[in-house]
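# Close look at the chain arrangement
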Amino acid sequence: MEENKIIERFKAIKIFLLCAFGVIILKMLYMNTVQHEYYTNLADNKTYKQVTIKAARGEIRDRYGRLLAGNTNSFVVEVSSDQLTAKGNDPNAVALKIINKLIENGEDYEDDFPITISKNGNFSYTYDKNVREYKEKNNIPSNLNAKETFYYLVDSLIEDGTLKKSDRDLEPAELQKKLNNNGYYPPILVKSFEFTDIKNKNDWLKSFVKKLDDGTKLEVKSTDSAKVAFQKIRQYYGIDESLSDQDARKILVVRNLIKSQGYRTYYPITLASNVSEETVAFVEENTTNMPGISISNEPIRHYPNGALASHVLGYVGKIPSTQLDDYLNNKEKSYKSDDIVGLTGIEATQEDHLKGIDGYKKVKVNATGKITDELEVKEPVSGDTVYLTLDMDLQKVAEEGLEKTIQVANNGGVYKSEYGDVATSGGAKNAKTGAIIAVDVKTGEVLASASYPDYDPNLFVTGISSKDYEKLQPENPNDTLAASPLLNLVAQGVFQPGSTFKMITGMAALENGLDPNYTINDPGVIKLNGQTFADAVWNKSKSNHGAVNLYKALQESCNVYFGIVGTGTNWLGGKDPGADVNSETILEYAKLFGLDEHTGLEDEITEVVGKVPSEEDKVNSTKISLRSYLNLNIIDSFTDIDENDDEEMDKRIDEIVSWIDEDPTPGRGEVMSRLAKLNVKEDRIEDLTDSILFTYLKFARWTLSDNLNLAIGQGENAYTPSQVVRYVMAIANGGYLTDLTLTKKIVNSDYEITYENEVVSKKIDFKNSDNLKELTKGMKLVTSQGTAAKYFVNFPIEVAAKSGTAERKDKIPTADEYNYLMDHLSSYGVEEKEVLKVYKQLRKDREAELTKNKIKEIKEQLKDKDLDEETRAELEKELKDGVNEKLADTDKINAAYLRRAIKKVNPSITDDDIDKYKETYGDFAWAVAFAPADDPEIAVAAVIPQGTTSTYAFLPIKDVIGYYLLGSSNNPTDSSSQKNNSNKNDSDSDSTSDNKNSDSEENISDSTGSDNKLNFNVQIKK
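Here we summarise the structure given alongside this text. What you see is a predicted model; the values in this text were computed from it and never measured. (Residues numbered from 1 in each chain as written. Predicted model: local features only at pLDDT ≥ 70, side-chain atom pairs only at ≥ 80, totals over all residues. Heavy atoms only, no water.)

## Section: the overall build of the chain
- The secondary structure content of the chain amounts to 38 helices and 33 strands.
- Here the chain holds 1022 residues, and the buried ones make up 51% of them.
- Residue pairs at least 24 apart in sequence account for 73% of intrachain contacts in the chain once pairs closer than 6 positions are excluded.
- On the chain, roughly 48,400 Å² of surface is accessible, and the fraction owed to carbon and sulfur atoms is 47%. (Helix = DSSP H or I, 4+ residues; strand = E, 2+ residues; numbered from the N terminus. Buried < 20%, exposed > 50% of the residue type's maximum accessible area, 1.4 Å probe, protein only. Contact = heavy atoms within 4.5 Å. Areas by Shrake-Rupley, 256 points an atom, 1.4 Å probe, with all protein chains shown as cover.)

## Digging into the side chain of D915
- Inspection of the secondary structure assignment puts D915 in the loop between α35 (911-914) and β31 (924-931).
- Here R899 takes part through its side chain, which lies 2.9 Å from a polar atom of the side chain of D915.
- Apart from the residues lying within four places of it in its own chain, the contact partners of D915 are K811, Y820 and R899. (Polar contact = N/O pair within 3.5 Å; in protein donor to acceptor, adjacent residues only side chain to side chain.)

## Some remarks on helix α28 (residues 704-711)
- For α28, every residue scored as buried is listed here: D706, N707, L708, L710 and A711.
- Considering only its buried residues, α28 is in contact with α19 (502-510), β23 (525-528), β24 (531-534), α22 (559-565), α23 (583-592) and α24 (615-633).
- Among the residues trailing α28, G713 stands out with phi positive, at a value near 80°.

## Some details on empty space enclosed by the protein
- All told, the structure shown has 5 cavities of 30 Å³ or more when counted by the stated rule.
- Estimates place the volume of the largest cavity at around 400 Å³.
- Looking at the largest cavity, it is lined by 23 residues, and the ones nearest its centre are K54, P299, I300, D339 and I340.
- The biggest single contributor to the lining of the largest cavity is strand β11 (residues 293-302), with 4 residues.
- By residue class, the composition of the lining of the largest cavity is 8 nonpolar, 5 polar and 10 charged.
- The computed volume of the second largest cavity comes to approximately 50 Å³.
- In terms of lining residues, the second largest cavity is bounded by A307, A309, S310, H311, V312, Q395, E399, S449, A450, S451, D454 and N488.
- Elements represented by at least two residues in the lining of the second largest cavity include exactly α12 (310-313), α16 (392-411) and β20 (446-452).
- Its residues assigned to classes, the lining of the second largest cavity comprises 4 nonpolar, 6 polar and 2 charged. (1 Å grid on protein atoms, 1.4 Å probe; cavity = no way out; pocket = protein on both sides within 12 Å on 5 of 7 lines; lining within 4 Å. Points joined across faces, edges and corners; volume = space filled by probe spheres on them. Nonpolar A, V, L, I, M, F, W, Y, C, P; charged D, E, K, R; others polar.)

## Remarks on the sheet that holds strand β19 (residues 434-440)
- If you trace the 5 strands from one edge of the open sheet to the other, you get β20-β19-β32-β31-β30, paired in antiparallel fashion. The sheet terminates laterally at β20 and β30 (800-806), the two strands that pair on one side only. Averaged over all neighbouring strand pairs, the angle between strand axes comes to 5°, with direction disregarded.
- Here β31 runs beside strand β32 (residues 938-944); their pairing, made up of 7 bridges, is antiparallel. Its bridge partner being in β32, A931 is matched across the sheet by I938.
- Most of the contacts of helix α30 (residues 771-784) go to β30, to which it runs at about 75°, and overall it touches β30 and β31. (Pairing = 2+ DSSP bridges. Axes fitted to C-alpha atoms, helices over the stretch in contact; angles between N-to-C directions.)

## Brief notes about the packing of helix α4 (residues 91-104) against helix α11 (residues 277-285)
- Closest axis-to-axis distance for the α4/α11 pair is 10 Å, and the angle between their directions is 160°. With respect to α11, the axis of α4 lies roughly antiparallel. Crossing of α4 against α11: the hand is right-handed. Where α4 approaches α11, its residues K97, I98, K101 and L102 are matched on the opposing element by T279, F282 and V283.
- Residues that form the contact of α4 with α11 fall into these classes: 4 nonpolar, 1 polar and 2 charged. (Parallel < 35°, antiparallel > 145°, perpendicular 65-115°, else oblique. Left-handed = near helix turned anticlockwise from the far one by under 90°.)

## Observations regarding the packing of helix α32 (residues 832-862) against helix α34 (residues 891-905)
- Closest axis-to-axis distance for the α32/α34 pair is 8 Å, and the angle between their directions is 120°. By the angle class used here, α32 and α34 are oblique. Handedness of the α32/α34 crossing: right-handed. Taking contact as the criterion, the partners of E834, V835, L836, V838, Y839, L842, R843 and R846 in α32 are, on α34, I893, N894, Y897, L898, R900, A901, I902, K904 and V905.
- Residues that form the contact of α32 with α34 fall into these classes: 11 nonpolar, 1 polar and 5 charged.

## Considering the nonpolar core
- Counting residues in hydrophobic clusters, the biggest one holds 96 residues, and the most contacted among them are L388, I504, Y561, F593, Y727 and I731.
- Discounting chain neighbours no more than four positions away, the residues touching I504 are I586, Y589, A590, F593, L595 and Y727.
- Formed by 45 residues, the second largest nonpolar core is a distinct cluster that contains Y127, A248, V280 and F282. (Core = buried A, V, L, I, M, F, W, Y, C linked by side-chain atoms within 4.5 Å.)

## Focus: a nonpolar patch on the surface
- On the surface, F10, I13, F16, L17, F21, I24, I25, L26, M28 and L29 cluster together into a nonpolar patch covering about 1,100 Å² of accessible area.
- Its place among the elements puts F16 in helix α1 (residues 2-32). (Patch = residues over 30% accessible without salt bridge, like charges linked within 9 Å, V, L, I, M, F, W, Y side chains within 5 Å. Salt bridge = Lys/Arg side-chain N within 4 Å of Asp/Glu carboxyl O.)

## Re the pattern of salt bridges
- All told, the structure shown has 54 salt bridges when counted by the stated rule.
- Linking D391 and R66 is a salt bridge whose minimum nitrogen-to-oxygen distance equals 2.8 Å. With D391 in the loop between β16 (385-388) and α16 and R66 in the loop between β2 (60-61) and β3 (67-79), this pair connects stretches of sequence that are 325 residues apart. Pair check on accessibility: D391 and R66 agree, each one buried.
- By sharing partners, the salt bridges in this structure join K54, E298, K336, D339, K355 and D358 into a single network.

## Concerning the environment of E399
- Turning to its location among the elements, E399 is positioned in helix α16.
- Looking at E399, the relative accessible area reads 16%, which means it is buried.
- The spacing of E399 and A450 is 51 residues in sequence and 5.6 Å in space, taken between C-alpha atoms.
- E399 has contacts with A307, L308, A309, A450 and D454, leaving out every residue within four places of it along the chain.
- Only 2.8 Å separates the side chain of E399 from the side chain of Q395, close enough to count as a polar contact.

Below is the structure:
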């Protein structure tokens, strides 16, 4: 019996073993047949790696093939996620070790971890900081949500005339597109009306979900404070609790960098670029105990000429977080999260062409991660070469000319030039910026484009330091005309054109009946209704221009003549000019000359469009000014509300501003009555009435003064140098409005031309294009006998030109407004002690209001049932300890409250009284020219903001024209010889271009280009 049991047991064991072997055999067959490829790849991946070989970025060259942007080799520290986190390795220890070494060696490294720790141990999200800084920079109230912020920006642009009232009713996506087209990029997702940074923050936080060893779930929530989130993420990555938060953050820098790759963990990612030999040696010597850390030799962007043409070329940097998904999902070009891309200028708009195709090599590695064999290599394909229309040598002449002009405008002295030295008197000490653009009058190709000051794009290549980035910001953030190296004034600087606009007034008059020989006897000034409209010579020395016709009016820039022909009326009492011209006519011709549209550069560099003015624009501009005045002067003038009642205050200000729309304008008694009904204090009604009525309401509509100012390029006129040079080019080429371009051709790595610029030009619908020749006659006199004669003495080529001086009468804000106000308190009729007492009370009241709002916000958060317990405890502690909100300690805020305090103590003082010790802006100095005058090849426009006299703008223009047409004895390979050689080689195409522009009116084509939008995000490295 017992024996039978034993036999049965053996049978059972036998059957079990047979079944087990059967399962094993079946599994082996399954693995070697059905899933053979899967397991083979899995095994290979344990021993074989694919290493990326980064492709060189495409070069950017000038029209003659000279290098403007290329590449140089650099050592980079890379992190391979699969090796770093492989079983048996300690990724946290490795991350801390390499970061500490990079810090020790003074290396810059990528730091995108979005939680920062201040010196006093406070935690904060960089996402929140970005939103806060955007609001501060754009003067948007800090308490507005994304939707309110979006429409606050829209409303402000409607008020200043950039957008129309009807635009507000557009679908959000369409409205956002319109904002982008006007150069505004609010960081808001309009589909959900959420700040992009807040969306990124929430997505990032929600990505940290993990089941812990004890079975509990670790989850970072969007409601977590920065401190709570940091501690949870420490736990998520298993960082040793004994390490400080600062050391933990170093580890998280590396772990987060890897996490940003998503599923592409097999790609090495760059931790630090352009590292020293010391760092290279350290990494190579520690390969065994730092798995996943390696050194690679990669091409990085290099600009061999430093700052030359920087505003055209733009700069590169790491992919902005807001665009990361778009790049990673690009199917045509394979991007990785640490790739460098173009962020501004040609680098950005030609990104699709400049980006190469990365190669790879498959290698075999041993247990320590060292390469033991190279199995397969696919070479990278470099990006395309972009040839610009710029002439590098001419660009140098333009940039050097601008810099020399600023120096002599500031200090006086001799402007040294190969084409004739010029003695200058200086006197323009506030002239700190300038712009010049030169174009081919037949093709619209930009030959030189310079903005001063400039910057070195090499600073951005591996991530600009915060210190270097700070140096590129305006010295005086309160001054809109302060030198700003990153701003391209050629395409983004909008200025009143002054007398350079007079050819448009002249053309409008000629086309509508003016005889160019119509003559007036200029007395120097027109007096109308108690106002004067005068020539510059009258304002300077009470002299005049005498007998003046159109030619002499252009030659000597006679305001009175153009005021008469631009209004069709001889205000001096003599014979009318016989021209049916008014403001609408002039505005129509301004539009014909393209001054209300893009120039063609909008798809190549960031371009702002100056707008032809209108009565609607003036009304909107006056509303903005009135609102600004009321915000500063009426907030403490009511008997029934205090200045902290923002909602009611806004309603009353809105009502007063709405009076501008009334026709007829309410009278003085009516305004006083209305202010009384609004409960304005009795002792404030009369002063406010006179300011509101006579400074704003009565001058909101288009008046005769506006018509006269329009005719001479003053008033609401404002255009960019690129718009102005395009209009002048149309005079030079016989009436063709030709699009400007910076891209000549694009050549791929197989030396095939994939793009070649075609002239986009249309004949302007003038009544008689020959009228342009009459303008040219007058412009020729400018350089032979007129305002620019002394600059072109003995110049061997006849030049047609026009000068222009646009007046500025407003005050320059100081860089430190608070100290300015404190320094002049004694002259404001107030006592310092009393003012500071009111100042402190105003701040205290506002801080009390902010504290009240903050408490309300915290209580609302605590109502959230899903709120994390740690965050809940932190908020409850904040309430218990006492919320105490403080105003930011910035000059802008401090000065605003001090100014309010001064006015509160002395209600009769005005802003003009307070600002009377500030300097007044200098006039804009403009000049335009084309040459040779009778067979033009080149047109140039230049502006020196605050240059005070237009003649300074002629200095760099003469050098540019001279170099282009005459060459230089100092440079054997000058522009002139290059140009001639180019013309010989491309004679057929040049001939075609000439024929298209000169002989045909059918050369009309659509402007095409990239839809890429420019992004100004800057990667700040630690």
